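# Examining the three-dimensional arrangement
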Amino acid sequence: MDLFQSPDYYNIDDLLTEEHKLVRDASREWVKREVSPIIEEYAQRAEFPNQIIGGLAEIGAFGPYIPEEYGGAGLDQISYGLIMQEIERGDSGVRSTASVQSSLVMYPIYKYGNEEQRKKYLPKLASGEWIGCFGLTEPNHGSNPGGMETKFKDMGDHYLLNGAKMWISNAPFAQIAVVWAKNEEGRIHGLIVERGMEGFSTPETHNKWSLRASATGELIFDNVKVPKENLLPNKSGLGAPLGCLDSARYGIAWGAIGAAMDCYDTALRYSKERTQFGKPIAQFQLQQKKLAEMITEITKAQLLAWRLGVLRNEGRATSAQISMAKRNNVDMAINIAREARQMLGGMGITGEYSIMRHSMNLESVITYEGTHDIHLLITGLDITGLNAFK
């Protein structure tokens, strides 16, 4: 039974609107009802629970900030963050599915696509009828996406796409992929590739110890004929996919708080119930130190995410500010997961509790969409004006 109680040490709820709280609470109840009872089993089986896709759509997890005319919920950025927080409290892999759908598939179609593309794809993505994926990372190019080797040629009445992408969430069952590739002049463009196009395959990645309840795969393009109307016309260059990653990283900054809160809440409850030397372990100084540090770090992360959400709503958040929040909050969460695991002793490694699953998942979250170290250098570049990447 999911007994989670959300920590709010600084009364941050006072900063939220009634709509924010309604959205968050609906997401929280859905996670308790639909995700928590099954997620350990699916993680052990390394399988994504496809039956939850409809529920994710119902709580507005697919494109929450996309206007209602295209099937989205028309919510603000803080609502988006709160939904991601609650979903990742359930599981990072499930949040990855929602993040990719929202920020890496629906966002570029909405921002960089034309009206025909918006009307064709966004309503089906918002409803969960279609699931999408995002093709940027390649076997030879992770932190340096500008070095991508996937290319397309203008063949007159269509484009011919060749290349491969790796570590792609949702790839094995996605109906569409937003793929970033270079044209003959070396300019990066986004193309919408649909399942069923000849030469397009999505082999699944197996043997993962992390994000086991998320479907990960490759995207292979072998002379794929892509209709010209599938090119996203309104933005090109590396800034286009990086704009999508800003939105996704922002969602991760909130999502990681959810994982951390779940680990903290589990450790707090366990420490009050577990007795050693005649008293609950929560009465021992070292355990109180761990718990006090956890709630302090969670509170700092909550304030960081909330302020970033306000800036996003005002259109003032910078990419560097988003990088700072993603890096800080995921680092915070992975450290809390490790400390919470120790507090549970041997029980901490079992599937009876969520902590070890969160800990393994966060090993991916700290790496994807900008690694821990790369985000540090983004902050370094921003404050010094000197580029450590060159």
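My aim in this report is to walk through the structure given alongside it, one point at a time. Values in this document were obtained by computation on a predicted structure and should not be read as measured data.

### Observations regarding unusual backbone geometry
We note that Ala 46 has phi near 55 degrees; this positive angle belongs to a residue other than glycine. By secondary structure assignment, the location of Ala 46 is in the loop between helix H1 (18–45) and helix H2 (53–58). You will see that Trp 167, though not glycine, has its phi angle at about 60 degrees, which is positive. One can find Trp 167 in strand E3 (residues 158–169). Given the relative accessible area of 52%, Trp 167 is considered exposed.

### A look at the layout of surface pockets
Unfilled space is identified by rolling a water-sized probe across the atoms. There is about 1200 Å³ of room inside the largest pocket. Of all the secondary structure elements, the ones that give two or more residues to the lining of the largest pocket are helix H4 (92–112), E3, helix H6 (239–273), helix H8 (319–343) and helix H10 (372–384). Here the lining of the largest pocket gets six residues from one element, more than from any other, and that element is H6. Per-class residue counts for the lining of the largest pocket are 19 nonpolar, 19 polar and six charged. Looking at the second largest pocket, its volume works out to about 520 Å³. Together, 22 residues line the second largest pocket, and Met 1, Asp 2, Leu 3, Glu 352 and Tyr 353 are the ones closest to its centre. Looking at the lining of the second largest pocket, the elements with two or more residues in it are H1, helix H3 (77–90) and H6.

### Considering the nonpolar core
Within the largest apolar cluster, 99 residues are counted, with the highest numbers of intra-cluster contacts made by Ile 87, Ile 109, Leu 125 and Trp 180. The element best represented in this core is H6, accounting for 17 residues. Not counting chain neighbours up to four residues away, the residues in contact with Leu 125 comprise Phe 62, Gln 101, Val 105, Met 106, Ile 109, Trp 130, Ile 131, Gly 132 and Ile 176. With 19 residues, the next largest nonpolar core counts Val 193, Phe 200, Leu 219 and Val 226 among its residues.

The rules we used
- Residues numbered from 1 in each chain as written.
- Predicted model: local features only at pLDDT ≥ 70, side-chain atom pairs only at ≥ 80, totals over all residues.
- Heavy atoms only, no water.
- Helix = DSSP H or I, 4+ residues; strand = E, 2+ residues; numbered from the N terminus.
- Buried < 20%, exposed > 50% of the residue type's maximum accessible area, 1.4 Å probe, protein only.
- 1 Å grid on protein atoms, 1.4 Å probe; cavity = no way out; pocket = protein on both sides within 12 Å on 5 of 7 lines; lining within 4 Å.
- Points joined across faces, edges and corners; volume = space filled by probe spheres on them.
- Nonpolar A, V, L, I, M, F, W, Y, C, P; charged D, E, K, R; others polar.
- Core = buried A, V, L, I, M, F, W, Y, C linked by side-chain atoms within 4.5 Å.
- Contact = heavy atoms within 4.5 Å.

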